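What follows is the residue order along each chain.
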Amino acid sequence: MTQSTRHSSDYLQKISRNLFAATGAPDDIAATVAEILVNANLAGHDSHGVQFVPMYLDRIEDGGIDNKAYPEIVRESANTMHVDGKKGFGHTMSRQAMDWAIERARKSAVCCVTFQNTTHIGRVGEYAEQAARAGCITLITLGGASAAGSQVVPFGGARGALGTNPIAVGIPTGDDAPFVIDFATSVIAGGKILVAQSKGLDLPEGAIVDSEGHPTTNPEDFRNGGFLLPFGAHKGYALSLFFSLMGGLAGEFNAELTSMAGLFMQVYDVNAFTPLEGYQSNVRAVLDAMKSIPPAPGFDEVLVPGDFEHRSRQQRLAEGIEVPAETFAKIEAWADKLNVSLTEEQ
């Protein structure tokens, strides 16, 4: 296993913000992206954390991300919006769009959002938590399907044609541990392959195949033309394809590549259906009832969605976040290039 270094969340957020700002990103955009990336590390999802800082800096340099762009609503109705991300940071776009959607849901009970010109949005559960903290229920899907090829094989297929196509759900509980579902429809998220590579680890069995379709646990086989597998066989495949078709509500379709993809958000104001305080209390009671079930052999306890992230956040705030040496070396190289200090906090 490769070495790693441990840093506080404040430090990682500071250096990430300073690196993005050094490229010319406005201070508020730099701060938002840095915060969301470190939030992913705090939640225990290193696959969507600061390992993306060097990659985003690369994309800014080659024009893949417009680091100065702010999102804009380009079409709207009482309870729908179509947002243009303008190829800016997906994190800034998604957080702003969720704020807009929450505001509109409070007026019209429900708001649905489609998007264009998006870039990577990071951990999708971040925005589900954002809605839950505001007393809303949200469902977020992000999908892509293309006959031209992609990362994940369809069930029974010999090559990739789907993205990792995640879903995130947030439900308010009235406390600091909302109910949050956040997972890819592939067995593992693509970012977890990068984590395994940076740590010199094998992948779990049943997650990927090599370029010839043979099962493997070596992340290098994925880099050399391999593919991810859908979770739950035909069931995960069906959900993945559904999320791709939902993304098509944005109206974009590539006939040449037979490609449909997109991000879709739905936000529901709980108070429009039932009093929020009572609903949150009832949700917490149901979740606590699940957790009170005696654990099966081999398990220590029963958990509910959101517990892992809540516990990880508490632990990592206290103990710091481990960053693989390979990742931090890339951050150091960019800091030298941009003349940004990486001095530890005092």
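For the structure, see preceding data.
Residues numbered from 1 in each chain as written. Predicted model: local features only at pLDDT ≥ 70, side-chain atom pairs only at ≥ 80, totals over all residues. Heavy atoms only, no water.

## With respect to the pairing of strand β4 (residues 110-116)
At step 1: Both strand β3 (residues 80-84) and β4 contribute to a ladder of five bridges, which runs parallel. Within the sheet, the bridge partner assigned to Met81 lies in β4 and is Val113.
At step 2: The handedness of the β3 to β4 crossover, carried by helix α4 (residues 90-108), is right-handed.
At step 3: As paired strands, β4 and strand β11 (residues 259-269) are joined by five bridges and run antiparallel to one another. Counterpart to Thr114 in the pairing with β11 is Phe264. (Pairing = 2+ DSSP bridges. Helix = DSSP H or I, 4+ residues; strand = E, 2+ residues; numbered from the N terminus. Right-handed = clockwise from strand over helix to strand, strands pointing away.)

## Digging into unusual backbone geometry
At step 1: In this structure, Asn117 takes a positive phi of about 55° despite not being glycine.
At step 2: Mapped onto the secondary structure, Asn117 falls in the loop between β4 and α5 (125-133).
At step 3: For Thr258, which is not a glycine, the phi torsion comes out positive at approximately 45°.
At step 4: Position of Thr258 relative to the elements: it lies in the loop between α8 (234-247) and β11.

## Re the environment of Gly85
At step 1: Mapped onto the elements, Gly85 comes out in the loop between β3 and α4.
At step 2: For Gly85, a relative accessible area of 2% gives the class buried.
At step 3: Residues in contact with Gly85, not counting those within four places in the same chain, are Ala69, Met93, Gln116 and Asn117. (Buried < 20%, exposed > 50% of the residue type's maximum accessible area, 1.4 Å probe, protein only. Contact = heavy atoms within 4.5 Å.)

## Points about the packing of helix α1 (residues 9-22) against helix α3 (residues 52-61)
For any two helices packed against each other, one specifies the crossing angle of their axes together with the interaxial distance.
At step 1: Axis separation between α1 and α3 bottoms out at 11 Å; the angle between their running directions is 5°. Relative to α3, the element α1 lies roughly parallel. Packed against α1, whose contacting residues are Ser16, Leu19 and Phe20, the element α3 presents Val53, Tyr56, Leu57 and Ile60 at the interface. (Axes fitted to C-alpha atoms, helices over the stretch in contact; angles between N-to-C directions. Parallel < 35°, antiparallel > 145°, perpendicular 65-115°, else oblique.)

## Re α1
At step 1: Between the first and last C-alpha of α1 there are 20 Å, a value that for 14 residues agrees with the 20 Å anticipated at 1.5 Å per step.
At step 2: Taken as a whole, α1 has its buried residues at Ser9, Tyr11, Leu12, Ile15, Ser16, Leu19 and Phe20. For α1, the arc enclosing every buried residue in end-on projection is 165°, short of the 170-degree limit, so these residues lie on one face.
At step 3: Considering only its buried residues, α1 is in contact with β1 (4-7), α2 (27-42), α3, α10 (307-319), β12 (321-324) and α11 (325-338). (Expected span 1.5 Å × (residues − 1). Arc of directions from axis to C-beta.)

## Focus: the sheet that holds strand β6 (residues 167-171)
At step 1: Taken in spatial order, the seven strands make up an open sheet running β2-β3-β4-β11-β5-β6-β7, and their pairing is mixed. Unpaired on one side and paired on the other, β2 (72-76) and β7 (179-183) mark the two borders of the sheet. Geometrically, the sheet is characterised by an average inter-axis angle of 15° between neighbouring strands, direction not taken into account.
At step 2: Across the sheet, α4 is in contact with β2, β3, β4, β5 (136-146) and β11; its angle to β11 comes to roughly 45°.
At step 3: Most of the contacts of α8 go to β5, to which it runs at about 95°, and overall it touches β5, β6 and β11.

## A few points about the packing of aromatic side chains
At step 1: Applying the stated criterion across every chain, the model contains five aromatic pairs.
At step 2: Centroid distance Phe52 to Tyr56: 5.4 Å. Interplanar angle 10°. Geometry classified as stacked. On the criterion of helical spacing, the pair formed by Phe52 and Tyr56 is a turn pair, its members being four residues apart in helix α3.
At step 3: Of the residues examined, Phe52 reaches a relative accessible area of 6% and is grouped as buried.
At step 4: Look at Tyr56 and you get buried, because its relative accessible area is 0%.
At step 5: Three or more aromatic residues joined by ring pairs make a cluster, and in this case those are Phe20, Phe52, Tyr56 and Phe89. (Phe/Tyr/Trp six-rings, centres within 6.5 Å; stacked < 30°, edge-to-face > 60°.)

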